[in-house]
Amino acid sequence: MAAITSDVQVEVRRPRRSVVIGVLLVAWVAAYFLLSGIHTLPLGGQETTGFHRWLTEHRDAVGAGNLVFDAIRAAVDNIVVLLQNVLSQPSYGRPVPVIGWLGVVAASAYLAWAFGNWKVALLTAAGLGFVGLQGLWQESMDTLALTIAAVLLSLLVAIPLGIWAGLSNRAFKVATLVLDLMQTLPTFVYLAPLTLFFAIGPAAATIATLIYAAPPAVRLTAHAIRNVPPESVEASRSLGSTRGQTLTKVLLPMSRSTVVVGINQTIMAALSMVTVAALIDAPGLGQTVLKALQTLDVGVAFNAGLAIVVIAIVLDRVTTAAGDRPWRTASVRRKILLGAGGVGVLVAIWFSRTYVWAAEFPTDVNLGARIAVLAADVTTWVQDVFGGLTYGVRDAVTLGVLNPLEALLTGSPWWLVGAVVVAIAAVLGRWKAAVPAVVCIGLLVGTGVWQDSMITLASTLLATIVVVAVGLTLGVWAGRNRRVDLVIRPILDAGQTMPPFVYLVPFLALFGTSRFTAIAAAVVYAVPVTVKIVADGIKAVPVATVEAATSVGSSSWQVISKVQLPVARRAITLAVNQGLIYVLAMVVVGGLVGAGALGYDVAAGFAQSELYGKGLAAGAAIVLLGVLLDRITQAAAPKPHGKGEKQ
Amino acid sequence: MKKLRYAGVLTATVLVLAGCGGAKVGEEQKPAAGGKECGSFNLTVSPWVGYEANAAVVAYVATKDLGCKVVKKNLKEEIAWQGFGTGEVDVNLENWGHEDLKKKYIETDKVAVEAGSTGVKGVIGWYVPPWMAAKYPDITDSKNLNKYADLFKTSESGGKGQLLDGDPSYVTNDEALVKNLNLNYKVVQSGSETALIQAFRDAEKDKKPLLAYFYEPQWFFNEVKLVKVNLPTYTAGCDADPAKIACDYPPYDLDKIISKKFADSGSPAVDLVKKFQWTNEDQNAVARMIAVDKMTPDAAAEKWVTDNRAKVDAWLAK
């Protein structure tokens, strides 16, 4: 038991701390045997507390009809409808959108080439052609319209906020807290109320997406600005630049590539919301996925999921290429080519407005049906071949690890769990970690869903440990080997953007409805981001440092453990942190496959009006768990010595 | 080099000319949808196939026979009810109970009105896969469930038998039932209809024991004929105190709800929606075409309407 709960801290502990924590955990287990079963604060599935009922009653108090909200709704609706008219829906009295498929493909490829390079332009054309062949052109364009609207609005809010948080320490602290909240608060908690504020329709869907997708852009913009060397800023100041000039001429250009990474992450997050937003009638591929799942049609769901992945990969590669592109003015030759290309695009658009074949994607080759059949066959095969084995794995892990851990957390009196957590926080991070721990534990008890929180915490801890272990292994491997990186990156992108709903059905077939299934789904979702961050961290280790280590005869293992991992430790802390947040983001999805507890409470609150308050409280509990674990892992991370933090 | 350029220009020209063949956009104008008197209405589509069957048929008839424009909105039930208030939903074709919401939106807020029964009977209860009912004939009586509790143990049920509960959309009395009927079972939340159906599918295929909460009408009965376990018979009022329930779920008369605004609009579609009624078999037939035969809802509706013209004419008061 002790080994499990302390694993997270293993690589960062100092000898004395580890002893103290070990003693604490042993004492906890001993106390558990004496005190188990008392003060465990249970609450049955349909039971609510007074606080929950109060929340339920006051839900509508905030309702629609507010002028500000109406104005926002109208504006956002107009933007989305405009984009839909251009890309996807019959509009302005014509049976087809303003720009048909040929025009969209030509214009997208042209933009990819102009801002990126010809490789991503080819990829763009191929990707869009592929989703067209899948028979999902219109749905894809609806999704694209909604994503573009959500991303543009996100950036409109996120970049200025990110700059502010980059320049001001106080704004940075507040922003971090709010962003954690936005990323961990389950969408289901605010999806229904959003339709009260912004009515059913594109606006509510776009704003739900925005809430989830904006944080990465804020975080990375702030991060980039804070990491501009102070020397550059001082040099600019000493030359007499104003604050505005310093910002536009020094800070922003120097942080450009990191800001683009933020934009990129925002796009990915927006695409991962496509299915959830479909629950409030957001148009596009999400609808296809949900409809297919009503009849457990894995094939069709996979086909639509694949289209989302393809769009994600295209957008990711184009933004990455745009970020890497050196900032320089175009040569005359390039200007001529750009002009010629522009004319070509206009011709293509004219075609797509004039002729049916260029306006509506031809349906002769329906690749989608074949992909669907293939996916369904593969799923059946995997289920038949591995079915028995997977149940064995599930039972072994559940009985051997998960059940004891959960029993310890749920069976101990709440004050005992609280005391142990606060003590661990205090050992690791003094009062800076202990105070948030006390607050979080207190609020968790206040939510009235303490026992469900502990069940979810047990699964979360287990999932996070697996995510970190897998993420570190794959991340180091990919960081050290370019070819591996090239191969696994599309798979990681798929894991991040393939709607979890698509792989839930095969997972259910393999592992049944259980907490283990939920853990497996969370691992699939959270591993990619962890691997990516670790790989980038390892790659950023200066080549000279690695070579120096190799030249004195260090083995690969020594280079990794003594040089690369320590140097990349900030990236690794971030990776652990993001892995954790992604696992928590999947708690609600886990609730849909048998994890019960907080995830189920949230889903039930979304579906049953009388449980709304409880669902909201459960959502808050997920956030509190996130903040608590975040503060403890941050405190456990090694402090940067000397010149880590500037100013 | 020059030749190459000419070749390029030539290919481009040929391509452009070739492209100029083919139909032009807007050449075959569809006849403008007439039926001004019907106008358009917003129809919510709840996320289950049976509902989609209702929606498909009503939308088909309203469009073809009355010339209405039907805007379908895919919404969860709770949000659809909210939509009556905000004016974005006009018609709900299959409502499962929801007395609390009726009270709020019909009695208190007065934004919605009842539009009669759909004729479909809803059943909620506990079910086992058919192989179990065949092998253990007395399992369908809840009194014998304790005898079989060991069969239903899983990694989630903590040593007791597992009763798998389902979609969070429905109120369940199962925790109270297990307690009040002294059953040696633990309620485990599967959390979604998807999970329930997959569990039943595997249970029947691999002959695994499963006891779970389920409901009819449901397209899945076309695939596996689940067998209902009889709980103590429902009598009016036996479910008055949620904590003391020890009887079966009440039979549900599924009904239609429309917005006040729509009801007062005088559109012929209002009468259609009010008169729309069919049976569980009818709904299952259409649901089966959508779920199993993979027809589009519109094509399934067309087929059913053609085969059942008399019923449709009755809705239209022809």
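Not measured: the values here are computed from a predicted model. (Residues numbered from 1 in each chain as written. Chains lettered and ligands numbered in written order. Predicted model: local features only at pLDDT ≥ 70, side-chain atom pairs only at ≥ 80, totals over all residues.)

**A word on the overall build of chain B**
Moving on, step 1. A tally of regular secondary structure across chain B gives twelve helices and nine strands.
Moving on, step 2. Within chain B, the fraction of its 318 residues that count as buried is 43%.
Moving on, step 3. Pairs at least 24 apart in sequence give 75% of the contacts found in chain B among residues at least 6 apart. (Helix = DSSP H or I, 4+ residues; strand = E, 2+ residues; numbered from the N terminus. Buried ≥ 20, exposed ≤ 12 C-beta atoms within 10 Å, placed from the backbone. Contact = placed C-beta atoms within 7 Å.)

**Digging into the interface of chain A and chain B**
Moving on, step 1. Across the boundary between the two partners, chain A contributes 53 residues, which contact 42 residues of chain B.
Moving on, step 2. Those elements that place two or more of their residues in the side of chain A that touches chain B are α9 (187-198), α14 (285-294), α16 (332-354), α17 (356-359), α18 (367-411), α22 (500-511) and α28 (597-607) of chain A.
Moving on, step 3. In the side of chain A that touches chain B, the residues fall into 29 nonpolar, 17 polar and seven charged. (Nonpolar A, V, L, I, M, F, W, Y, C, P; charged D, E, K, R; others polar.)

**Structural notes on the domain arrangement of chain A**
Residues and elements named next belong to chain A.
Moving on, step 1. Its domain assignment divides chain A into domain 1 (61-98 + 134-327) and domain 2 (414-636).
Moving on, step 2. Once you take the C-alpha centre of each, domain 1 and domain 2 turn out to be 23 Å apart.
Moving on, step 3. The interface is formed by 27 residues belonging to domain 1 together with 27 residues belonging to domain 2.
Moving on, step 4. The element contributing the most residues to the side of domain 1 that touches domain 2 is helix α15 (residues 298-324), with nine residues.
Moving on, step 5. In terms of residue class, the side of domain 1 that touches domain 2 is made up of 20 nonpolar, five polar and two charged. (Domains from an automatic or database assignment.)

**Concerning the pairing of strand β3 (residues 91-95) of chain B**
Residues and elements named next belong to chain B.
Moving on, step 1. Most of β3 is tucked away, with five of its five residues classed as buried.
Moving on, step 2. In this sheet, strand β9 (residues 252-259) lies alongside β3 in antiparallel orientation, the contact comprising three bridges. Note on β9: the bridge partner recorded for Val-91 is Ile-258. (Pairing = 2+ DSSP bridges.)

**Focus on the UniProt feature "domain: ABC transmembrane type-1" (unreviewed entry) in chain A**
Moving on, step 1. In this numbering, the UniProt entry assigns the feature "domain: ABC transmembrane type-1" (unreviewed entry) to residues 140-319 and 453-633 of chain A.
Moving on, step 2. In this annotation, residues 140-319 of chain A is assigned 87% helix and 0% strand; the end-to-end C-alpha distance for the span is 19 Å. (UniProt positions renumbered as here; feature names shortened; annotations may be inferred.)

**Things to note about unusual backbone geometry**
Residue and element names in this part refer to chain B.
Moving on, step 1. In the segment running from Glu-216 into Pro-217, the intervening peptide bond is cis, with an omega of -5°.
Moving on, step 2. Along the polypeptide, Pro-217 turns up in the loop between β7 (212-216) and β8 (227-229).
Moving on, step 3. Not every positive phi belongs to a glycine, and Lys-110 is a case in point at roughly 55°.
Moving on, step 4. Assignment of secondary structure puts Lys-110 in the loop between α4 (99-108) and β4 (112-128).
Moving on, step 5. The exposed category is assigned to Lys-110, around which 9 C-beta atoms lie within 10 Å.
Moving on, step 6. Within the chain, Asn-182 stands out as a residue other than glycine whose phi angle is a positive 55°.
Moving on, step 7. Tracing the chain through its elements places Asn-182 in the loop between α6 (174-180) and β6 (185-189).

**A word on the packing of helix α3 (residues 50-57) of chain A against helix α29 (residues 612-636) of chain A**
Residue and element names in this part refer to chain A.
Moving on, step 1. It is the contact of α3 with α29, at a shortest axis distance of 7 Å, that shows an interaxial angle of 110°. Between α3 and α29, the interaxial angle falls into the category roughly perpendicular. Every residue of α29 that contacts α3 at Phe-51, His-52, Arg-53, Trp-54, Leu-55 and Thr-56 is listed here: Tyr-612, Gly-613, Lys-614, Leu-616 and Ala-617.
Moving on, step 2. Across the contact of α3 with α29, the residue classes break down as six nonpolar, three polar and two charged. (Axes fitted to C-alpha atoms, helices over the stretch in contact; angles between N-to-C directions. Parallel < 35°, antiparallel > 145°, perpendicular 65-115°, else oblique.)

**Section: helix α21 (residues 482-497) of chain A**
All names here are of chain A.
Moving on, step 1. An ideal rise of 1.5 Å per residue puts 22 Å on 16 residues; α21 measures up with 23 Å between its terminal C-alpha atoms.
Moving on, step 2. If you look at α21, its biggest bend is around 35°, right at Ile-488, and the proline Pro-490 turns up within four residues after that.
Moving on, step 3. All buried positions along α21 are accounted for by Asp-485, Ile-488, Asp-493, Gly-495, Gln-496 and Thr-497.
Moving on, step 4. Of the surrounding secondary structure, the elements contacted by the buried residues of α21 are α12 (243-272), α15, α20 (450-480) and α23 (515-539). (Expected span 1.5 Å × (residues − 1). Bend = angle between axes of the 7 residues up to and from the residue.)

**Things to note about the domain arrangement of chain B**
All names here are of chain B.
Moving on, step 1. In terms of domains, chain B is made up of domain 1 (40-118 + 254-315) and domain 2 (123-244).
Moving on, step 2. Look at where the C-alpha atoms of domain 1 and domain 2 centre, and you get two points 30 Å apart.
Moving on, step 3. Taken together, the eleven residues of domain 1 in the interface contact six residues of domain 2.
Moving on, step 4. Within the residue set of the side of domain 1 that touches domain 2, elements represented by two or more residues are α2 (49-66) and α10 (280-291).
Moving on, step 5. Counting residues per element, the side of domain 1 that touches domain 2 draws most heavily on α10, at six residues.
Moving on, step 6. Across the side of domain 1 that touches domain 2, the residue classes tally to five nonpolar, four polar and two charged.

**Brief notes about helix α7 (residues 137-167) of chain A**
Residue and element names in this part refer to chain A.
Moving on, step 1. Along its 31 residues, α7 runs 43 Å from first to last C-alpha, staying within 8% of the 45 Å computed at 1.5 Å per residue.
Moving on, step 2. At Leu-155, α7 shows its maximal kink, close to 25°.
Moving on, step 3. Within α7, 23 of the 31 residues are buried, which leaves it mostly tucked inside the rest of the structure.

**Re the packing of α2(B) against helix α11 (residues 297-307) of chain B**
Residue and element names in this part refer to chain B.
Moving on, step 1. Closest axis-to-axis distance for the α2/α11 pair is 8 Å, and the angle between their directions is 70°. In terms of orientation, α2 and α11 fall into the roughly perpendicular class. Only Pro-297, Asp-298, Ala-300, Ala-301, Glu-302, Trp-304 and Val-305 of α11 make contact with α2, whose side of the interface consists of Glu-52, Ala-56, Val-57, Tyr-60 and Val-61.
Moving on, step 2. Among the residues making up the contact of α2 with α11, the classes are represented as nine nonpolar, no polar and three charged.

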